[in-house]
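Report on the structure
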Amino acid sequence: MSRYENLTEDERRIINWRQTQYHRDHREPYREAARRWAKKALKSPEYRYKQMVQRITRAAVKSGLIHDPGVCQDCGVPREFARIEIHHWSYNPLHWFDVRFVCRACHMKRNRADGFIAGAKKGSKKSAHKNLEEARVVNA
Ligand SMILES: [Zn+2]
């Protein structure tokens, strides 16, 4: 399966050490980028609003108001094998609970399509339209 499978214990240790070294040497640029992002995003009203909606949604799932299918609704992977997250295709109050349960990979794909990734441009009209169509199918 993995390309690390046939390595000896020593070889593994060397690779591990190299990776540790690499991250130690390149820590600062990553940290700097994360800081820059956090400074801008965490203070924005938009981010705080989304966090609030996410908290409310999690509470709704916990209380059974929203059914949790336990699998990714895009690719079908069950929760035992992947982290299942809640995707909001829209943060409009009308659609707060109009969510989709997806694995991390599918969630990132959807967010990229929607333009929800930090620093990315807002979703185009076309992708918003597509999402609306999908939401209609899900709710039909
Ligand atoms: Zn998935």
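Residues numbered from 1 in each chain as written. Predicted model: local features only at pLDDT ≥ 70, side-chain atom pairs only at ≥ 80, totals over all residues.

Structural notes on the nonpolar core
Counting six residues, the largest nonpolar core consists of Cys72, Ile84, Phe101, Val102, Cys103 and Cys106. The residues touching Ile84, leaving out its near neighbours within four places in the chain, are Cys72, Arg79, Phe101 and Cys103. (Core = buried A, V, L, I, M, F, W, Y, C linked by C-beta atoms within 7 Å. Buried ≥ 20, exposed ≤ 12 C-beta atoms within 10 Å, placed from the backbone. Contact = placed C-beta atoms within 7 Å.)

Quick word on helix 2 (residues 27–41)
Here helix 2 spans 21 Å end to end across 15 residues, near enough to the 21 Å set by a 1.5 Å rise per residue. Here helix 2 lies mainly on the outside; zero of its 15 residues are buried. (Helix = DSSP H or I, 4+ residues; strand = E, 2+ residues; numbered from the N terminus. Expected span 1.5 Å × (residues − 1).)

Overview of the pairing of strand 2 (residues 99–103)
Across the five residues that make up strand 2, a large majority, five, are buried. Neither face of strand 2 is exposed, since Val99, Phe101 and Cys103 on one face and Arg100 and Val102 on the opposite face are all buried.

Considering helix 3 (residues 45–62)
For helix 3, with 18 residues, the first-to-last C-alpha span of 26 Å sits near the 26 Å given by 1.5 Å per residue. The element helix 3 is largely exposed, with a buried count of zero among its 18 residues. Phi turns positive one or two residues past the end of helix 3, at Gly64, with a value near 90°.

With respect to the confidence of the model for the protein
Do not read the predicted coordinates in detail wherever pLDDT is low. Here the protein averages 82 in pLDDT, while 79% of its residues score no lower than 70. Taking the mean pLDDT of every element in the protein, the minimum, 49, falls on helix 5 (residues 125–139) and the maximum, 96, on strand 2. In the model, residues 118–129 has pLDDT below 50 throughout and makes 12 contacts with residues more than four positions away in sequence or in other chains. (pLDDT = per-residue confidence, 0-100.)

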